[in-house]
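# Coordinate analysis (summary)
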Amino acid sequence: MAVDADVVRLRRGDLNALSELIARYQNRLYRYLLRMVRQPAEAEDLFQQTWLRVVEKIRSFDASRNFDAWLFTLSRNLAIDHLRRTRPQSLDEMLGEPLANSWHGETVADRIPCKDDTPLDHALAAERRTEIGEAMAGLPMIYREVLTLRFEDEMKIEEIAQVTAAPLSTVKSRLRRSLEQLRYALEARYPGGTWQ
Amino acid sequence: MTMSEHDKIRDLLALAAADALTSAEEKQVAEHLRSCIACSNELETWRPIASELRRLPTPQPSSWLVQATLARAQAKLAEQAEHDWNRRVMIVVVAFAWLLTIASWPVFHFVAGRFASLLEPQFSPTQFSYMQFSCTWTSFAAFTALGWLAGGVAAVMLAVRQRGERRLV
């Protein structure tokens, strides 16, 4: 694995390296935290704490290892500690909490049409994304986590195993169960819809 | 193909849509799908879910949050750099102080021996220091060493306490 030059520079205390790393990971990290805790204010606080922890621990990080996995592990530990303190039931929850309105954090840029050809296609696709986003937000935390790491961050199963400190077989079964739960949730929320 | 194998493949279909199968599992699934329409249809049900999950909008942190994070992290880096510098200076100062202390032992030994021989001239400085003042200067050396050790222990305890307080903050 190639050594990340910014990480090496940060280990030497280079402030520019820090700003480049934050710029590179800000969207992925914030999205991951928001999927974990669901509340934007809490995700913002954890986002700051994660980078402070990075600065604190960067010297103990082996630069030849995967920085992505290390960064997400740090933020995961902070998020789990936070959930344990504020919502102990979140870790074992089988039913989701009420949704925050801005859970999926849609921005103006997200509304720009991409692969959808007509305004109708675009509207339908946006509706499907809203449906799936809301259904996903209702899943337990460990399922939301594995879904976002696999589909949104496009992490490999091995990387997810590193982040979550779980064996590969556990990650795979968690991924399968999360997809099944998501499908059940979609079918239950939108009976007769396009998800069946 | 037995029923249990069919069920096993069916369990893999969600993972197939997530591109999370090993190459051996992929082969197994592909082979099964050629002869099983039910599983092919099932896989087609999983695909739009996987596809839409990949296209969920990415929430973006506000520029204020990024700037605030950067400012806090930079302050932390600066604080750490200062802490490192202070530690280095402290190590040099302590090493220098130890050097001075150790150097003072033979000086004390020599001066004390000379002083004793002036008080009691019948003894040569060497005899006197060996018989009486060797004990005195060894005590002095032990006393200074103990003083330094006690100081070191106190400094370590203070550092541990400060670290604990910083964590609480």
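All of these numbers come straight from a predicted model, not from anything done at the bench. (Residues numbered from 1 in each chain as written. Chains lettered and ligands numbered in written order. Predicted model: local features only at pLDDT ≥ 70, side-chain atom pairs only at ≥ 80, totals over all residues.)

### Section: the overall build of chain B
For the record, the criterion: In this text, helices come from DSSP runs of H or I with a minimum length of four residues, and strands from runs of E with a minimum of two, each type numbered from the N-terminal end. Residues are scored as being in contact if the C-beta atoms we place from backbone atoms lie within 7 Å.
Helix and strand counts for chain B stand at five helices and zero strands. Secondary structure elements in chain B, listed N-terminal to C-terminal, are α-α-α-α-α. Pairs at least 24 residues apart make up 48% of the contacts formed inside chain B by residues separated by at least 6 positions.

### A word on helix 3 (residues 37-54) of chain B
Filter applied, for reference: Helix span, expected: 1.5 Å multiplied by one less than the number of residues in the helix. The burial criterion counts other C-beta atoms lying within 10 Å of a residue's C-beta, which is placed from the backbone; the residue is buried at 20 or more, exposed at 12 or fewer, and partly exposed between these limits.
Under the 1.5 Å per step criterion, the end-to-end length of helix 3 of chain B is 26 Å for 18 residues, consistent within 8% with the ideal 26 Å. When we look at burial in helix 3 of chain B, the residues that qualify are I49(B), A50(B), E52(B) and L53(B).

### Some words on helix 3 (residues 40-57) of chain A
The end-to-end C-alpha distance of helix 3 of chain A, which contains 18 residues, comes to 25 Å, matching closely the 26 Å that a straight helix rising 1.5 Å per residue would cover. Buried residues of helix 3 of chain A: P40(A), A43(A), E44(A), L46(A), F47(A), T50(A), W51(A), V54(A) and V55(A), and no others.

### Examining the confidence of the model for chain B
This is how it is decided: pLDDT expresses how confident the predictor is about each individual residue, on a scale running from 0 to 100.
Taken residue by residue, chain B gives an average pLDDT of 82. The fraction at 70 or more is 83%. Interface predicted TM-score (ipTM) for the complex: 0.77; the corresponding pTM is 0.73.

### A short note on the nonpolar core
Let me state the cut-off plainly: The term nonpolar core means buried Ala, Val, Leu, Ile, Met, Phe, Trp, Tyr and Cys residues held together as one set by C-beta atoms within 7 Å. The start and end points of each domain follow an automatic or database-based domain assignment.
Membership of the largest hydrophobic core comes to 66 residues, with the highest contact counts inside it found for L33(A), V37(A), V146(A), L182(A) and A18(B). Considering every element that reaches this core, the biggest residue donor is helix 2 (residues 15-37) of chain A, with twelve residues. Here this core gathers at least three residues from each of two domains, domain 1 (3-54) and domain 2 (66-168) of chain B. Contacts of V146(A), omitting those with residues within four sequence positions, involve I160(A), V171(A), R174(A), L175(A) and S178(A).

### A look at the interface of chain B and chain A
The test is simple: Any residue that is not Ala, Val, Leu, Ile, Met, Phe, Trp, Tyr, Cys, Pro, Asp, Glu, Lys or Arg is counted as polar, Gly included; the first ten are nonpolar and the last four charged.
In this assembly, 29 residues from chain B lie in contact with 39 residues from chain A. Elements with a contribution of two residues or more to the side of chain B that touches chain A: helix 1 (3-17), helix 3 and helix 4 (63-119) of chain B. At eleven residues, the largest contribution of residues to the side of chain B that touches chain A is made by helix 4 of chain B. Its residues placed into classes, the side of chain B that touches chain A shows 19 nonpolar, four polar and six charged.

### Thoughts on the environment of Q181(A)
Residue and element names in this part refer to chain A. One can find Q181 in helix 8 (residues 168-189). Taking the C-alpha atoms as reference, Q181 lies 38 Å from E20; in sequence the two are 161 residues apart. Apart from residues lying up to four places away in sequence, Q181 is in contact with L139 and Y143.

### Topic: the packing of helix 6 (residues 141-152) of chain A against helix 8 of chain A
Residues and elements named next belong to chain A. Let me state the cut-off plainly: Lines fitted to C-alpha atoms define the axes, with helix axes restricted to the stretch in contact, and inter-axis angles between N-to-C directions lie between 0 and 180 degrees. For classification purposes, angles smaller than 35 degrees are called roughly parallel, those larger than 145 roughly antiparallel, those between 65 and 115 roughly perpendicular, and all remaining angles oblique.
Helix 8 packs onto helix 6 with a crossing angle of 100° between their chain directions and a minimal axis gap of 9 Å. Considered as vectors, helix 6 and helix 8 are oriented roughly perpendicular to each other. Together, I142, Y143, V146, L147 and R150 of helix 6 and V171, R174, L175, R177, S178, Q181 and L182 of helix 8 make up the contact between the two elements.

### Focus on the packing of helix 5 (residues 119-137) of chain A against helix 8 of chain A
Residues and elements named next belong to chain A. Heads up, the rule is: For a crossing to be left-handed, the near helix must be turned anticlockwise from the far one by less than a right angle; the clockwise case is right-handed.
Helix 8 packs onto helix 5 with a crossing angle of 120° between their chain directions and a minimal axis gap of 9 Å. Comparing their axes, helix 8 and helix 5 come out oblique. For the element pair helix 5 and helix 8, the recorded crossing hand is right-handed. Where helix 5 abuts helix 8, its residues E131, I132, A135 and M136 lie against L182, A185, L186 and R189. Taken together, the residues that form the contact of helix 5 with helix 8 break down as six nonpolar, no polar and two charged.

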